[in-house]
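# Analysis of the macromolecular model
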Amino acid sequence: MGIVLGIESSCDETAAALVDSNRRIIAQRIASQDEFHRPYGGVVPEIAARAHADRLAPLIAATLDDAGMKLAQVDAVAATAGPGLIGGVMVGLVTAKALAMASDKPLIAINHLEGHALSPRLADASLQFPYLLLLVSGGHCQLLLVKAVGQYRRLATTIDDALGEAFDKTAKILGLGYPGGPAVERLARLGDPRRVKLPRPLLGTAEPHFSFAGLKSAVLRAKETALHADADLAASFQQAALDCVLDRTAKALGSIDKPAALVVAGGVAANQTIRAGLQSLAAQHGLPFVAPPLSLCTDNAAMIAWAGIERLGQNDPLDFLARPRWPLDPDAAPVRGAGIKA
Ligand code: KG4
Ligand code: ZN
């Protein structure tokens, strides 16, 4: 049995968690920075880094207190080492290094995307490799074949915006504030998903890549015409996004041997409409569908601690550098238009 302390600070959640190899989340704390970033309509990297620096150490102490544990009782310290907003990542990684050094425990540097990718295995002990993972967050939108811990084949990525980014920008256009995804989902419940005609970028193309920039621009133009109720716009946007997700995921499924399951992870996996659509797609393909509970979908430290459990035995050097970019599949061919997305 092992216990790992996990630390997450790559975006706007400061989080710490203790997880054991029996998949028990012994304790976890998350401090959201929503209130700091809301006035700017998005995450301000400098403000995020400072807030992580202020809050992380006491948050870790409180998490250990909640568990009634001392640092000496953990088997390793795992922290997100990238990709993400580099100031925040550095705060988390340096803190983890200090704790590992002081307690003479191994340091495990975790790829944040791997944290998301393996989080369904924390929630569901029966989930086997290989699974097809739709990883949809604020910064990433990828289809990955998860073959084993550390073995990922990227089948698709976005050529412009991530899906969560599209939700956030739609929220901004509709004046729903930040963070946008949950607000768009709530408003969409009151609207008609067929009312506003919106594009489905890349639908039907041979490669299963994503594109959402055109959809977002279409939402902006539709809003400017003032012809539609905001709820109809939100619902129609969500439907268009779902149609793209289902078409692209089906395309990826058609390009690989039958996986053990269809899995969704990342912040947008909290969206009930997207979950339900994927669930029926999985059923059509005779696949189990696995989605982590909502609290494990958005950024959290339990998934980082769990990735640490999956990697127990690893001991990263104290000069391990924080990585602003860190693709899960370094061999994936670059996609035209994909810009700096990892
Ligand atoms: O995984 P995450 O917490 O952070 C990143 O690593 O990016 O994902 C955050 C993203 C944001 O874009 C947020 O708007 C989106 O996930 N999100 C949602 C929902 N909850 C969070 N998008 C749609 N519907 C939701 N219910
Ligand atoms: Zn994330």
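What counts and how
Residues numbered from 1 in each chain as written. Chains lettered and ligands numbered in written order. Predicted model: local features only at pLDDT ≥ 70, side-chain atom pairs only at ≥ 80, totals over all residues. Heavy atoms only, no water. Donors = N, O, S within 2.8 Å, 3.2 Å for Na, K, Ca; no water. Tetrahedral: all angles 85-135°; square planar, octahedral: opposite > 155°, others 65-115°. Helix = DSSP H or I, 4+ residues; strand = E, 2+ residues; numbered from the N terminus. Buried < 20%, exposed > 50% of the residue type's maximum accessible area, 1.4 Å probe, protein only. Axes fitted to C-alpha atoms, helices over the stretch in contact; angles between N-to-C directions. Parallel < 35°, antiparallel > 145°, perpendicular 65-115°, else oblique. Contact = heavy atoms within 4.5 Å. Nonpolar A, V, L, I, M, F, W, Y, C, P; charged D, E, K, R; others polar.

Each donor-metal-donor angle in an ideal tetrahedron of four donors is 109.5 degrees, and each such angle in an ideal octahedron of six donors is either 90 or 180 degrees. Protein-derived ligands of the zinc ion (ligand 2) are His112 (NE2), His116 (NE2) and Asp299 (OD), with the metal-ligand distances lying across 2.0 to 2.2 Å. Geometry at the zinc ion (ligand 2) is irregular, judged from its four donor atoms and the angles of 92 to 145 degrees they form at the metal. Motif for the zinc ion (ligand 2), donor spacing along one chain: H-x3-H-x182-D. Taken together, the positions of His112 in helix H4 (residues 112-123) and Asp299 in the loop between helix H10 (294-297) and helix H11 (302-310) put the pair 187 residues apart, joining distant regions of the chain. An identical accessibility class is assigned to His112 and Asp299; each is buried.

It is worth spelling out the packing of helix H5 (residues 163-173) against helix H8 (residues 230-254) at this point. Here H5 crosses H8 at 170 degrees, and the two axes come no closer than 11 Å. By the angle between their directions, the pair H5 and H8 is classed as roughly antiparallel. Contact with H5, carried on its side by Leu163, Ala166, Phe167 and Thr170, involves Phe237, Gln238, Ala241 and Val245 of H8 and no other residues of that element. Classifying every residue of the contact of H5 with H8 by side-chain character gives six nonpolar, two polar and no charged.

This part takes up unusual backbone geometry. Residue Gly82 is joined to Pro83 through a cis peptide bond whose omega torsion reads -15 degrees. On the secondary structure map, Pro83 appears in the loop between strand S4 (76-82) and helix H3 (86-103). Cis geometry marks the peptide bond from Phe129 to Pro130, where omega comes out at -10 degrees. Considering the arrangement of structural elements, one finds Pro130 in the loop between H4 and strand S6 (131-136). Although it is not a glycine, Asp104 sits at a positive phi angle of roughly 60 degrees. With respect to the element layout, Asp104 can be found in the loop between H3 and strand S5 (107-111).

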